[in-house]
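Take a look at the letters that make up each chain.
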Amino acid sequence: MATTDRQATTLALAHALSAAERGLAVIPLSRTKLPALRSPHRDDPDPAPCHGECGRFGHGVYDASTDPARIRELFAAAPWATGYGIACGLPPHHLIGIDLDTKSGTDSSAALRELALRHLFTIPPTVVVLTPSGGRHLWLTGPPEVVVPNSAGRLAPGIDIRGAGGYLVGPGSRTDHGVYSTAPGTAHIVPARCPRALLRLLLPPPRSHHPAPPSADGHGQGLVQFVLAAHEGQRNTRLFWAACRAYEDGIGPALVDPLVEAALNTGLTEREARATIASAARMTGHRP
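Read on for a plain summary of the structure. Since the structure is predicted, the reported quantities are computational estimates derived from the model, not experimental observations. (Residues numbered from 1 in each chain as written. Predicted model: local features only at pLDDT ≥ 70, side-chain atom pairs only at ≥ 80, totals over all residues. Heavy atoms only, no water.)

What to know about the overall build of the chain
Rule in force here: A run of H or I in DSSP counts as a helix once it spans at least four residues, and a run of E counts as a strand once it spans at least two, with each numbered from the N terminus. Radius of gyration here is computed from C-alpha atoms only, and the compact-globule reference equals 2.2 Å multiplied by the residue count raised to the power 0.38. Contacts are assigned to residue pairs that have any heavy atoms within 4.5 Å of one another. Computed with the Shrake-Rupley method and a 1.4 Å probe, the accessible areas treat only the protein chains shown as cover for residues.
If you tally the helices and strands in the chain, you get eight helices and twelve strands. Computed over its C-alpha atoms, the radius of gyration of the chain comes to 21 Å, within 12% of the 19 Å expected for a compact globule of 288 residues. If one aligns the C-alpha atoms of the chain with their principal axes, the spans along those axes are about 70 × 45 × 30 Å. Intrachain contacts of the chain at a sequence separation of at least 6 include 70% that bridge at least 24 residues. Approximately 14600 Å² of the chain is accessible, and the part contributed by carbon and sulfur atoms is 54%.

Here's what the structure looks like:
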């Protein structure tokens, strides 16, 4: 391995350990920005889904850790790593990444400003990471009970979202295109909370044939059915969206118990359901 690569690996490990001290779970990345460790199941003829239960490395963000010893093991297993990824959606920060790209030829920053004006939110001061291509990553945090999905260009051309199951390239990482760095004045601040209006944009209701619009008599039966149709992995997200809609429609308090009952039928506990509904109430400016 070239001396420059060894230096890049050493620096990447140092930056990764520093990020872990801030509560950010990390994995080693190669120069291509992909996880440095390949799946141990890549040669299996019919691999079963595995998120690391096998005990081996190579499961992408499921390997992410804040434990210094484990991080050193990960980098020792990938001595070619020159960067690190920060897993999104994990406690304590529940990180959400707003990736403002420049490669698409669009002005993604202007598109975000237009969204902010249209939906009446402001991006607060937060961590900003500068990419080698001239783009920016904005770090925000979300509520613990809400799962923000990954998306590419859904909000606007050139704006990608890194949520649960995704990762952001950490500052100090070296890739084939250059080095990621923190914007001046943002390196040591705490990631800001995602504005509730922006959070709503990040949580579109999944396509489904089951839910119907809320009934005209104001009981919100459609919202209840929307929650009942949730599958595992989307239960909290659907409940949060339905509760936000109910509070915005002025029927939130009356719909709390029906939504809780629907959530119980999908497998959530009453405590989880009520916490999610309370978060929706706060997000829409109401008292739970």
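Back to the text.
Some words on the nonpolar core
Condition: Residues belong to one nonpolar core when they are buried, are Ala, Val, Leu, Ile, Met, Phe, Trp, Tyr or Cys, and are joined through side-chain atoms within 4.5 Å. Note on classification: 1.4 Å probe, protein chains only; a residue is buried when its accessible area is under 20% of the maximum for its type, exposed when over 50%, partly exposed between these limits.
In terms of nonpolar packing, the biggest core is built from 50 residues, with Ile159 and Leu259 touching the most fellow members. Broken down by element, the residue count for this core peaks at eight residues, all from helix H6 (residues 235-248). Residue contacts for Leu259: discarding those within four places in its chain leaves Leu223, Val224, Val227, Leu239, Ala242, Ala243 and Ile277.

Details of the packing of aromatic side chains
This is how it is decided: We call Phe, Tyr and Trp rings a pair once their centres come within 6.5 Å, taking the six-membered ring for Trp, and we label the pair stacked below 30 degrees between planes, edge-to-face above 60, and tilted otherwise. Sitting over a ring, as applied to charges here, requires NZ of Lys or CZ of Arg to be within 6 Å of the ring centre and within 35 degrees of the ring normal.
This model, assessed by the stated rule, comprises one aromatic pair. Judged by centre distance (5.0 Å) and plane angle (55 degrees), the rings of Phe226 and Trp241 are tilted. Linking Phe226 in helix H5 (residues 221-228) with Trp241 in helix H6, this pair joins segments that are 15 residues apart in sequence. Assessed through its relative accessible area of 12%, Trp241 is described here as buried. A cation sits over an aromatic face here: Arg238 above Phe226, 4.3 Å from the ring centre.

So, helix H8 (residues 270-283)
For the record, the criterion: Expected helix span is given by 1.5 Å per residue-to-residue step, counting one fewer step than there are residues.
The terminal C-alpha atoms of H8 lie 20 Å apart, and with 14 residues this matches the ideal 20 Å at 1.5 Å per residue to within 8%. Restricting attention to buried positions, one finds in H8 the residues Ala273, Thr276, Ile277, Ala278, Ser279, Ala280, Ala281 and Met283. If you follow the buried residues of H8, they end up packed against strand S12 (192-193), helix H4 (196-202), H6 and helix H7 (252-266). Two residues or fewer after H8 comes Gly285, characterised by a positive phi angle close to 80 degrees.

Brief notes about the packing of H5 against H7
Spelled out, the test is: Note on geometry: axes are lines fitted to C-alpha atoms, helical ones only across the stretch in contact, with angles between N-to-C directions running from 0 to 180 degrees. Roughly parallel covers angles under 35 degrees, roughly antiparallel covers those over 145, roughly perpendicular covers 65 to 115, and oblique covers all other angles. Crossings are assigned a handedness: left-handed for a near helix turned anticlockwise from the far helix by less than a right angle, right-handed for a clockwise turn.
One way to put it is that H5 packs onto H7 with a least axis distance of 8 Å and a crossing angle of 20 degrees. In terms of axis orientation, H5 runs roughly parallel to H7. The handedness of the crossing between H5 and H7 comes out as right-handed. For the pair H5 and H7, the contacting residues are Leu223, Val224, Val227 and Leu228 in the first and Leu255, Pro258, Leu259, Ala262, Ala263, Asn265 and Thr266 in the second.

Here's the deal with the packing of H7 against H8
The geometry of H7 relative to H8 is characterised by a closest axis approach of 9 Å and an angle of 135 degrees between their N-to-C directions. Between H7 and H8, the angle falls in the class oblique. Classified by chirality, the crossing of H8 by H7 is right-handed. Every residue of H8 that contacts H7 at Val256, Asp257, Leu259, Val260, Ala263 and Leu264 is listed here: Glu270, Ala273, Arg274 and Ile277.

A closer look at the pairing of strand S3 (residues 95-100)
Our working definition: Two strands qualify as a pair provided that DSSP identifies no fewer than 2 bridges between them.
Burial of S3 is extensive: six of the six residues sit out of reach of the surface. Going residue by residue along S3, you find Leu95, Gly97 and Asp99 tucked away on one face and Ile96, Ile98 and Leu100 tucked away on the opposite face as well. As paired elements, S3 and strand S5 (residues 136-141) share six bridges and run antiparallel to each other. Among the inter-strand pairings, Leu95 is bridged to a residue of S5, identified as Thr141. Both S3 and strand S7 (residues 159-162) contribute to a ladder of four bridges, which runs antiparallel. Note on S7: the bridge partner recorded for Ile98 is Ile161.

Remarks on the sheet that holds strand S1 (residues 26-29)
Each strand in a sheet pairs with another by means of backbone hydrogen bonds, the pair being arranged parallel or else antiparallel. The strand order across the open sheet formed by three strands is S1-S2-S8, and the pairing between neighbours is antiparallel. With partners counted over all chains shown, the strands left at the sheet margins are S1 and strand S8 (167-169), one partner each. The average angle at which neighbouring strand axes cross in this sheet is 35 degrees, direction not considered. Sitting on the sheet, helix H2 (residues 68-77) touches S1 and strand S2 (83-87), and the angle it makes with S1 is about 15 degrees.

Looking at the state of the cysteines
To be explicit about the condition: Note on terminology: pairs of cysteine sulfur atoms within 2.5 Å are recorded as disulfides.
Counted under the stated rule, the structure contains zero disulfides. With no disulfide partner, Cys194 has as its closest neighbouring cysteine sulfur the one in Cys244, 12 Å distant.

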